[in-house]
Amino acid sequence: MRKRCLSLLFLLLLTLPAAGCLQKDGLDHYAYVVALGFDPGEHLPYRYTFLLQQLDYGSSEQKLSGLNTVSAEGSNLFEAINTLAASMPLRLSFVRTVLLVFERSLLTDGRFLAEFMQSSFPTLGLRFSASVLVSLCPADMALEGMETDLDPGAVKLQKNIEVYSHDTALIPAADLALVQEAMLSSVVDFAAPLCGTASDAPGQMQDSVGGEGYAYLAGNLLAETDMKTEVIGAALFSNCVLVGVLNGQNTQLLQMATGNFYRARIRLGNIDGTEIDVYLKRRKPVKIELEPGDPPCVRIRLELTAYIEQPDHLKRVTTEQAEQWIAEQLTQRYDRLYQTCRELRSDVFGVGKQAARWLSDAEEYETYDFRELYAAAEAVFDVRVLLTNAPDRSVLE
(Lines give C-alpha, C1' and ligand atoms only; values in the text may rest on other atoms or scores of the structure.)
Protein backbone atom coordinates (compact mmCIF):
# COMPACT_ATOMS: atom_id res chain seq x y z
CA MET A 1 0.00 0.00 0.00
CA ARG A 2 2.83 2.33 0.89
CA LYS A 3 4.60 1.62 -2.44
CA ARG A 4 1.42 2.34 -4.32
CA CYS A 5 1.01 5.73 -2.58
CA LEU A 6 4.62 6.66 -3.32
CA SER A 7 4.16 5.73 -6.97
CA LEU A 8 1.06 7.90 -7.26
CA LEU A 9 2.88 10.79 -5.58
CA PHE A 10 5.80 10.40 -8.00
CA LEU A 11 3.45 10.48 -11.01
CA LEU A 12 1.73 13.57 -9.63
CA LEU A 13 5.06 15.39 -9.28
CA LEU A 14 5.91 14.54 -12.89
CA THR A 15 2.73 16.22 -14.11
CA LEU A 16 3.26 19.49 -12.19
CA PRO A 17 5.72 21.13 -14.64
CA ALA A 18 3.34 20.37 -17.50
CA ALA A 19 0.45 22.11 -15.72
CA GLY A 20 1.97 25.54 -16.39
CA CYS A 21 1.94 24.77 -20.11
CA LEU A 22 -1.85 24.51 -20.21
CA GLN A 23 -1.83 28.34 -20.42
CA LYS A 24 0.25 28.80 -23.55
CA ASP A 25 0.46 32.61 -23.33
CA GLY A 26 3.81 33.81 -22.00
CA LEU A 27 4.47 37.22 -20.46
CA ASP A 28 5.44 38.61 -23.85
CA HIS A 29 1.90 37.89 -25.08
CA TYR A 30 0.47 40.52 -22.72
CA ALA A 31 0.08 44.28 -22.97
CA TYR A 32 -0.28 45.90 -19.56
CA VAL A 33 -2.98 48.57 -19.29
CA VAL A 34 -1.35 51.38 -17.30
CA ALA A 35 -4.30 53.76 -17.63
CA LEU A 36 -7.84 53.54 -18.95
CA GLY A 37 -9.80 56.43 -20.50
CA PHE A 38 -13.55 56.84 -20.97
CA ASP A 39 -15.20 59.10 -23.58
CA PRO A 40 -18.58 59.35 -25.32
CA GLY A 41 -18.53 57.19 -28.45
CA GLU A 42 -19.15 58.33 -32.01
CA HIS A 43 -21.00 55.22 -33.22
CA LEU A 44 -21.48 53.21 -30.01
CA PRO A 45 -22.27 54.63 -26.55
CA TYR A 46 -18.70 54.81 -25.25
CA ARG A 47 -15.11 54.99 -26.42
CA TYR A 48 -12.47 53.28 -24.29
CA THR A 49 -8.79 54.22 -24.57
CA PHE A 50 -6.03 52.01 -23.17
CA LEU A 51 -2.56 53.35 -22.33
CA LEU A 52 -0.31 50.31 -22.72
CA GLN A 53 3.15 49.08 -21.78
CA GLN A 54 4.85 45.80 -22.64
CA LEU A 55 7.68 43.88 -21.10
CA ASP A 56 10.85 44.62 -23.08
CA TYR A 57 12.95 41.50 -23.64
CA GLY A 58 15.59 43.31 -25.68
CA SER A 59 17.81 43.91 -22.66
CA SER A 60 19.44 41.58 -20.17
CA GLU A 61 16.83 42.40 -17.53
CA GLN A 62 13.06 42.56 -17.87
CA LYS A 63 11.65 46.08 -17.98
CA LEU A 64 8.57 47.82 -19.32
CA SER A 65 8.68 49.54 -22.70
CA GLY A 66 7.39 53.06 -23.47
CA LEU A 67 3.75 54.07 -23.42
CA ASN A 68 1.35 53.87 -26.36
CA THR A 69 -2.43 54.07 -26.76
CA VAL A 70 -5.13 51.96 -28.46
CA SER A 71 -8.89 52.49 -28.36
CA ALA A 72 -12.22 50.86 -29.22
CA GLU A 73 -15.90 51.74 -28.98
CA GLY A 74 -18.49 49.60 -27.23
CA SER A 75 -21.59 49.50 -25.07
CA ASN A 76 -19.41 48.48 -22.11
CA LEU A 77 -15.79 47.83 -21.22
CA PHE A 78 -15.90 44.08 -21.92
CA GLU A 79 -17.30 44.64 -25.41
CA ALA A 80 -14.47 47.08 -26.17
CA ILE A 81 -11.88 44.56 -24.94
CA ASN A 82 -13.35 41.86 -27.19
CA THR A 83 -13.30 44.27 -30.14
CA LEU A 84 -9.61 45.01 -29.61
CA ALA A 85 -8.84 41.29 -29.44
CA ALA A 86 -9.82 41.00 -33.12
CA SER A 87 -7.04 43.37 -34.20
CA MET A 88 -4.32 42.95 -31.54
CA PRO A 89 -1.88 40.05 -31.23
CA LEU A 90 -1.66 40.72 -27.48
CA ARG A 91 -3.90 40.05 -24.51
CA LEU A 92 -4.75 42.98 -22.23
CA SER A 93 -3.83 42.70 -18.56
CA PHE A 94 -5.22 45.12 -15.96
CA VAL A 95 -3.05 44.04 -13.03
CA ARG A 96 -0.87 47.17 -13.50
CA THR A 97 -3.70 49.66 -14.08
CA VAL A 98 -3.14 52.69 -11.85
CA LEU A 99 -5.11 55.52 -13.53
CA LEU A 100 -8.73 55.83 -14.66
CA VAL A 101 -9.53 58.98 -16.65
CA PHE A 102 -13.18 59.98 -17.18
CA GLU A 103 -14.20 62.69 -19.68
CA ARG A 104 -16.32 65.11 -17.65
CA SER A 105 -19.52 64.95 -19.73
CA LEU A 106 -19.91 61.25 -18.86
CA LEU A 107 -20.19 62.12 -15.17
CA THR A 108 -22.90 64.80 -15.22
CA ASP A 109 -25.86 62.45 -14.64
CA GLY A 110 -24.28 59.59 -12.67
CA ARG A 111 -25.50 56.75 -14.92
CA PHE A 112 -22.20 55.89 -16.57
CA LEU A 113 -20.25 55.87 -13.30
CA ALA A 114 -22.90 53.65 -11.67
CA GLU A 115 -22.76 51.20 -14.60
CA PHE A 116 -18.97 51.13 -14.54
CA MET A 117 -18.82 50.52 -10.78
CA GLN A 118 -20.99 47.43 -11.32
CA SER A 119 -18.32 45.90 -13.57
CA SER A 120 -16.63 42.71 -12.46
CA PHE A 121 -13.33 44.18 -11.27
CA PRO A 122 -12.02 40.81 -9.99
CA THR A 123 -12.54 39.33 -13.47
CA LEU A 124 -10.43 42.10 -14.97
CA GLY A 125 -7.90 42.12 -12.15
CA LEU A 126 -8.58 45.85 -11.71
CA ARG A 127 -7.62 47.10 -8.27
CA PHE A 128 -9.62 49.51 -6.10
CA SER A 129 -6.40 51.44 -5.42
CA ALA A 130 -6.39 52.77 -9.01
CA SER A 131 -6.50 56.59 -9.02
CA VAL A 132 -9.51 58.36 -10.54
CA LEU A 133 -9.11 61.54 -12.63
CA VAL A 134 -11.67 63.75 -14.39
CA SER A 135 -10.58 65.15 -17.75
CA LEU A 136 -11.63 68.57 -19.06
CA CYS A 137 -10.61 67.41 -22.55
CA PRO A 138 -11.39 64.09 -24.24
CA ALA A 139 -9.88 61.30 -22.15
CA ASP A 140 -8.02 59.87 -25.16
CA MET A 141 -6.24 63.24 -25.57
CA ALA A 142 -5.35 63.25 -21.87
CA LEU A 143 -3.84 59.75 -22.13
CA GLU A 144 -1.98 60.58 -25.33
CA GLY A 145 -0.58 63.60 -23.51
CA MET A 146 0.98 61.24 -20.96
CA GLU A 147 3.10 59.62 -23.66
CA THR A 148 6.53 61.17 -23.26
CA ASP A 149 10.22 60.52 -23.77
CA LEU A 150 10.54 60.90 -20.00
CA ASP A 151 9.04 57.37 -19.82
CA PRO A 152 7.25 57.82 -16.47
CA GLY A 153 5.97 54.25 -16.23
CA ALA A 154 2.88 53.03 -14.43
CA VAL A 155 4.06 53.28 -10.83
CA LYS A 156 5.68 56.70 -11.36
CA LEU A 157 2.50 58.19 -12.85
CA GLN A 158 0.43 57.29 -9.82
CA LYS A 159 3.17 58.01 -7.31
CA ASN A 160 3.80 61.47 -8.76
CA ILE A 161 0.10 62.30 -8.37
CA GLU A 162 0.18 61.18 -4.71
CA VAL A 163 3.37 63.17 -3.98
CA TYR A 164 2.01 66.20 -5.84
CA SER A 165 -1.16 66.13 -3.75
CA HIS A 166 0.81 65.72 -0.52
CA ASP A 167 3.41 68.42 -1.22
CA THR A 168 1.26 71.12 -2.87
CA ALA A 169 -2.43 70.34 -2.04
CA LEU A 170 -3.24 71.53 -5.59
CA ILE A 171 -5.13 68.29 -6.27
CA PRO A 172 -7.13 65.94 -4.05
CA ALA A 173 -6.57 62.19 -3.94
CA ALA A 174 -9.31 59.85 -5.19
CA ASP A 175 -9.35 56.16 -6.07
CA LEU A 176 -11.89 53.49 -6.97
CA ALA A 177 -12.31 52.59 -3.29
CA LEU A 178 -13.46 56.15 -2.51
CA VAL A 179 -15.91 56.11 -5.44
CA GLN A 180 -17.27 52.78 -4.23
CA GLU A 181 -17.73 54.18 -0.72
CA ALA A 182 -19.63 57.17 -2.13
CA MET A 183 -21.85 54.83 -4.18
CA LEU A 184 -22.81 52.85 -1.10
CA SER A 185 -23.10 55.69 1.42
CA SER A 186 -25.59 58.54 1.75
CA VAL A 187 -23.10 60.76 3.60
CA VAL A 188 -20.02 60.61 1.37
CA ASP A 189 -19.28 63.07 -1.43
CA PHE A 190 -15.82 63.40 -2.89
CA ALA A 191 -13.48 65.49 -5.02
CA ALA A 192 -11.28 64.00 -7.75
CA PRO A 193 -8.21 65.47 -9.50
CA LEU A 194 -8.73 67.37 -12.75
CA CYS A 195 -6.57 66.82 -15.81
CA GLY A 196 -6.44 68.35 -19.27
CA THR A 197 -4.09 69.04 -22.15
CA ALA A 198 -2.14 72.23 -22.58
CA SER A 199 -3.59 72.59 -26.07
CA ASP A 200 -7.05 73.32 -24.65
CA ALA A 201 -8.29 76.88 -25.19
CA PRO A 202 -7.48 78.90 -22.03
CA GLY A 203 -10.49 79.88 -20.00
CA GLN A 204 -12.90 77.37 -21.52
CA MET A 205 -13.64 75.92 -18.08
CA GLN A 206 -14.27 78.25 -15.15
CA ASP A 207 -13.76 77.62 -11.48
CA SER A 208 -17.10 77.27 -9.66
CA VAL A 209 -16.06 79.77 -6.98
CA GLY A 210 -14.42 82.33 -9.28
CA GLY A 211 -12.37 85.33 -8.26
CA GLU A 212 -8.92 84.30 -9.50
CA GLY A 213 -7.18 86.29 -12.22
CA TYR A 214 -4.86 83.42 -13.13
CA ALA A 215 -6.55 80.23 -12.00
CA TYR A 216 -4.47 77.07 -11.68
CA LEU A 217 -6.72 74.85 -13.80
CA ALA A 218 -5.75 71.84 -15.92
CA GLY A 219 -5.20 72.87 -19.55
CA ASN A 220 -4.95 76.57 -18.65
CA LEU A 221 -1.47 76.70 -17.13
CA LEU A 222 1.15 78.99 -18.62
CA ALA A 223 3.70 76.20 -18.83
CA GLU A 224 5.20 73.94 -21.49
CA THR A 225 6.77 70.53 -20.87
CA ASP A 226 7.32 67.27 -22.69
CA MET A 227 4.21 65.85 -21.01
CA LYS A 228 1.20 67.67 -22.52
CA THR A 229 -1.32 66.56 -19.89
CA GLU A 230 -1.62 68.75 -16.82
CA VAL A 231 -3.09 67.58 -13.50
CA ILE A 232 -4.31 70.38 -11.24
CA GLY A 233 -7.58 71.36 -9.57
CA ALA A 234 -10.54 69.31 -8.36
CA ALA A 235 -13.85 67.98 -9.69
CA LEU A 236 -16.70 68.23 -7.16
CA PHE A 237 -19.24 65.41 -6.88
CA SER A 238 -22.68 65.34 -5.28
CA ASN A 239 -24.23 61.89 -4.93
CA CYS A 240 -21.63 60.64 -7.46
CA VAL A 241 -22.66 63.28 -10.04
CA LEU A 242 -20.15 65.88 -11.28
CA VAL A 243 -21.50 69.31 -10.26
CA GLY A 244 -18.54 71.71 -10.35
CA VAL A 245 -14.79 72.27 -10.44
CA LEU A 246 -12.24 74.02 -8.26
CA ASN A 247 -9.01 75.57 -9.43
CA GLY A 248 -5.75 74.74 -7.70
CA GLN A 249 -5.97 77.63 -5.24
CA ASN A 250 -9.43 76.65 -3.98
CA THR A 251 -8.40 72.98 -3.94
CA GLN A 252 -5.63 73.92 -1.51
CA LEU A 253 -8.22 75.47 0.81
CA LEU A 254 -10.41 72.37 0.61
CA GLN A 255 -7.47 70.10 1.37
CA MET A 256 -6.58 72.21 4.41
CA ALA A 257 -10.12 72.13 5.83
CA THR A 258 -10.60 68.38 5.36
CA GLY A 259 -7.32 67.39 7.01
CA ASN A 260 -5.64 66.29 3.77
CA PHE A 261 -3.03 69.02 3.97
CA TYR A 262 0.53 69.06 5.22
CA ARG A 263 2.25 71.99 3.54
CA ALA A 264 1.72 74.26 0.55
CA ARG A 265 2.59 77.61 -0.95
CA ILE A 266 -0.38 79.92 -1.52
CA ARG A 267 -0.72 83.46 -2.89
CA LEU A 268 -2.83 85.87 -0.85
CA GLY A 269 -4.41 89.20 -1.74
CA ASN A 270 -2.73 92.38 -0.56
CA ILE A 271 -0.72 93.31 2.46
CA ASP A 272 0.12 97.00 2.35
CA GLY A 273 -1.00 97.02 -1.30
CA THR A 274 1.11 94.06 -2.53
CA GLU A 275 0.29 90.43 -3.32
CA ILE A 276 2.47 88.01 -1.39
CA ASP A 277 3.30 84.30 -1.37
CA VAL A 278 2.84 82.53 1.95
CA TYR A 279 4.25 79.11 2.75
CA LEU A 280 1.85 77.28 5.08
CA LYS A 281 2.25 74.13 7.12
CA ARG A 282 -0.29 72.29 9.27
CA ARG A 283 0.52 72.88 12.95
CA LYS A 284 -2.24 70.75 14.48
CA PRO A 285 -4.86 68.37 13.07
CA VAL A 286 -8.02 70.04 11.79
CA LYS A 287 -10.87 70.08 14.31
CA ILE A 288 -14.42 69.76 12.87
CA GLU A 289 -17.57 69.92 15.00
CA LEU A 290 -21.23 70.07 13.97
CA GLU A 291 -23.56 71.82 16.42
CA PRO A 292 -27.31 71.12 16.25
CA GLY A 293 -29.63 74.07 15.94
CA ASP A 294 -31.76 76.02 13.50
CA PRO A 295 -29.74 76.28 11.39
CA PRO A 296 -27.07 73.72 12.36
CA CYS A 297 -23.52 75.06 12.40
CA VAL A 298 -20.27 73.32 11.46
CA ARG A 299 -17.18 74.76 13.14
CA ILE A 300 -13.81 74.11 11.53
CA ARG A 301 -10.61 75.09 13.31
CA LEU A 302 -7.33 75.25 11.41
CA GLU A 303 -4.00 75.92 13.11
CA LEU A 304 -1.22 76.77 10.66
CA THR A 305 2.39 77.84 10.67
CA ALA A 306 3.11 80.54 8.07
CA TYR A 307 6.24 81.93 6.46
CA ILE A 308 6.04 85.05 4.28
CA GLU A 309 8.44 84.60 1.40
CA GLN A 310 8.81 88.35 0.76
CA PRO A 311 10.18 89.38 4.17
CA ASP A 312 10.38 93.08 3.21
CA HIS A 313 6.63 93.30 3.74
CA LEU A 314 7.09 92.37 7.39
CA LYS A 315 9.05 95.58 7.98
CA ARG A 316 5.91 97.65 7.52
CA VAL A 317 3.61 95.59 9.79
CA THR A 318 3.93 93.86 13.13
CA THR A 319 4.00 90.08 13.44
CA GLU A 320 0.56 90.15 15.08
CA GLN A 321 -0.86 92.24 12.22
CA ALA A 322 0.57 89.86 9.61
CA GLU A 323 -0.85 86.81 11.41
CA GLN A 324 -4.26 88.45 11.67
CA TRP A 325 -4.16 89.52 8.00
CA ILE A 326 -3.31 85.98 6.79
CA ALA A 327 -6.07 84.48 8.97
CA GLU A 328 -8.63 87.01 7.67
CA GLN A 329 -7.65 86.37 4.05
CA LEU A 330 -8.05 82.62 4.47
CA THR A 331 -11.35 82.98 6.36
CA GLN A 332 -12.85 85.14 3.60
CA ARG A 333 -11.85 82.60 0.98
CA TYR A 334 -13.28 79.77 3.06
CA ASP A 335 -16.64 81.52 3.38
CA ARG A 336 -16.89 81.78 -0.44
CA LEU A 337 -15.72 78.19 -0.97
CA TYR A 338 -18.14 76.69 1.57
CA GLN A 339 -21.07 78.68 0.19
CA THR A 340 -20.28 77.47 -3.36
CA CYS A 341 -20.01 73.81 -2.32
CA ARG A 342 -23.24 74.06 -0.31
CA GLU A 343 -25.10 75.58 -3.28
CA LEU A 344 -23.81 72.71 -5.45
CA ARG A 345 -24.89 70.21 -2.75
CA SER A 346 -21.39 68.76 -2.78
CA ASP A 347 -20.62 67.82 0.83
CA VAL A 348 -16.86 67.62 0.40
CA PHE A 349 -16.41 69.22 3.83
CA GLY A 350 -17.89 66.11 5.45
CA VAL A 351 -20.86 67.72 7.23
CA GLY A 352 -22.96 64.59 6.70
CA LYS A 353 -20.31 62.42 8.35
CA GLN A 354 -20.45 64.66 11.41
CA ALA A 355 -24.25 64.49 11.49
CA ALA A 356 -24.17 60.69 11.33
CA ARG A 357 -22.67 60.71 14.83
CA TRP A 358 -25.93 62.05 16.20
CA LEU A 359 -27.90 58.99 15.07
CA SER A 360 -28.43 56.03 17.36
CA ASP A 361 -29.41 53.16 15.02
CA ALA A 362 -29.28 51.96 11.42
CA GLU A 363 -32.96 52.67 10.73
CA GLU A 364 -32.55 56.31 11.68
CA TYR A 365 -29.43 56.49 9.53
CA GLU A 366 -31.30 55.18 6.48
CA THR A 367 -34.15 57.68 6.77
CA TYR A 368 -32.20 60.80 7.80
CA ASP A 369 -31.98 63.49 5.08
CA PHE A 370 -28.31 64.43 5.28
CA ARG A 371 -28.44 66.57 2.14
CA GLU A 372 -31.20 68.79 3.50
CA LEU A 373 -29.16 69.25 6.66
CA TYR A 374 -26.10 70.23 4.62
CA ALA A 375 -28.13 72.67 2.52
CA ALA A 376 -29.14 74.48 5.72
CA ALA A 377 -25.90 74.22 7.70
CA GLU A 378 -23.84 77.36 8.28
CA ALA A 379 -20.06 77.23 8.67
CA VAL A 380 -17.69 79.11 10.95
CA PHE A 381 -13.99 78.92 10.14
CA ASP A 382 -11.57 79.58 12.97
CA VAL A 383 -8.17 80.08 11.32
CA ARG A 384 -5.20 80.53 13.63
CA VAL A 385 -1.81 81.47 12.20
CA LEU A 386 1.63 81.41 13.79
CA LEU A 387 4.20 83.38 11.78
CA THR A 388 7.81 82.17 11.77
CA ASN A 389 11.02 83.90 10.74
CA ALA A 390 12.42 80.96 8.78
CA PRO A 391 10.87 78.66 6.16
CA ASP A 392 10.06 75.10 7.13
CA ARG A 393 11.51 73.87 3.84
CA SER A 394 11.29 74.60 0.15
CA VAL A 395 9.28 72.25 -2.08
CA LEU A 396 12.31 72.37 -4.40
CA GLU A 397 14.49 70.67 -1.81
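Going by the structure above, here's the rest.
How each quantity is defined
- Residues numbered from 1 in each chain as written.
- Predicted model: local features only at pLDDT ≥ 70, side-chain atom pairs only at ≥ 80, totals over all residues.
- Heavy atoms only, no water.
- Salt bridge = Lys/Arg side-chain N within 4 Å of Asp/Glu carboxyl O.
- Helix = DSSP H or I, 4+ residues; strand = E, 2+ residues; numbered from the N terminus.
- Buried < 20%, exposed > 50% of the residue type's maximum accessible area, 1.4 Å probe, protein only.
- Lys, Arg positive; Asp, Glu negative; His and termini not counted.
- Polar contact = N/O pair within 3.5 Å; in protein donor to acceptor, adjacent residues only side chain to side chain.
- Contact = heavy atoms within 4.5 Å.
- Core = buried A, V, L, I, M, F, W, Y, C linked by side-chain atoms within 4.5 Å.
- 1 Å grid on protein atoms, 1.4 Å probe; cavity = no way out; pocket = protein on both sides within 12 Å on 5 of 7 lines; lining within 4 Å.
- Points joined across faces, edges and corners; volume = space filled by probe spheres on them.
- Nonpolar A, V, L, I, M, F, W, Y, C, P; charged D, E, K, R; others polar.
- Axes fitted to C-alpha atoms, helices over the stretch in contact; angles between N-to-C directions.
- Parallel < 35°, antiparallel > 145°, perpendicular 65-115°, else oblique.
- Pairing = 2+ DSSP bridges.

Draft legend 1. Layout of the pattern of salt bridges. Applying the stated criterion to the full structure yields 13 salt bridges. One salt bridge connects Arg47 with Glu73, and the closest N-O pair in it is separated by 3.6 Å. Pair noted here: Arg47 is in strand E2 (residues 46-53) and Glu73 is in strand E5 (residues 68-74), with a separation of 26 residues, a long-range link. By relative accessible area, Arg47 is classed as partly exposed at 27%. Taken together, the shared-partner salt bridges connect Arg283, Lys284 and Glu303 into one network.

Draft legend 2. Summary view of the side chain of Asp39. With respect to the helices and strands, Asp39 occurs in strand E1 (residues 30-40). This buried residue, Asp39, is left without a salt bridge; Arg47 holds the nearest opposite charge, at 5.9 Å. Reaching out from Asp39, the side chain makes a polar contact with the backbone nitrogen of Asp140 at a distance of 2.9 Å. Not counting the four nearest positions on each side in its chain, Asp39 is found in contact with Pro45, Tyr46, Arg47, Thr49, Glu103, Leu106, Pro138, Ala139 and Asp140.

Draft legend 3. Summary view of the nonpolar core. Core analysis: the largest hydrophobic core is formed by 93 residues, its most contacted members being Phe50, Leu92, Phe116, Ile326, Phe349 and Phe381. No other element matches the 9 residues that helix H9 (residues 319-343) contributes to this core. Excluding its chain neighbours within four sequence positions, the residues that come into contact with Phe381 are Ala257, Ile300, Leu302, Thr331, Tyr334, Asp335, Tyr338 and Phe349. By size, the runner-up hydrophobic cluster in this structure holds 18 residues, among which are Leu51, Leu67, Leu133 and Cys195.

Draft legend 4. Spatial organisation of empty space enclosed by the protein. Under the defined criterion, the tally for this structure stands at 2 cavities of 30 Å³ or more. The computed volume of the largest cavity comes to approximately 60 Å³. Surrounding the largest cavity, Ser186, Val187, Val188, Asp189, Arg345, Asp347, Gly352, Phe370, Arg371 and Tyr374 form its lining. Among the elements that line the lining of the largest cavity, the one with the most residues is helix H12 (residues 370-376), at 3 residues. Tallied by class, residues from the lining of the largest cavity come to 4 nonpolar, 2 polar and 4 charged. Size it by volume and the second largest cavity reaches roughly 40 Å³. Along its surface, the second largest cavity is lined by Met256, Phe261, Arg282, Lys284, Val286, Leu302, Glu303 and Leu304. When residues of the lining of the second largest cavity are traced back to their parent elements, those giving at least two are strand E13 (274-291) and strand E14 (297-308).

Draft legend 5. Spatial organisation of the packing of helix H8 (residues 248-257) against H9. Interhelical geometry of H8 versus H9 gives an angle of 95° and a closest axis separation of 10 Å. By the criterion of interaxial angle, the relationship of H8 to H9 is roughly perpendicular. Contacts between H8 and H9 involve Gln249, Asn250, Leu253, Leu254, Met256 and Ala257 on the former and, on the latter, Leu330, Arg333, Tyr334 and Leu337.

Draft legend 6. Region of interest: the side chain of Ser131. Along the polypeptide, Ser131 turns up in strand E8 (residues 131-135). Contact partners of Ser131, with chain neighbours within four places excluded, come to Val98, Leu99, Leu100, Gln158, Ala174 and Asp175.

Draft legend 7. Structural view of the pairing of strand E15 (residues 378-387). Alternating positions in E15 separate cleanly, Ala379, Phe381, Val383, Val385 and Leu387 being buried on one face and Glu378, Val380, Asp382, Arg384 and Leu386 remaining unburied on the opposite face. Examined bridge by bridge, E14 and E15 share 10 bridges and lie parallel to one another. Bridge assignment links Leu304 to a residue of E15, and that residue is Val385.

Without other data, these values stay purely geometric and don't point to any function.
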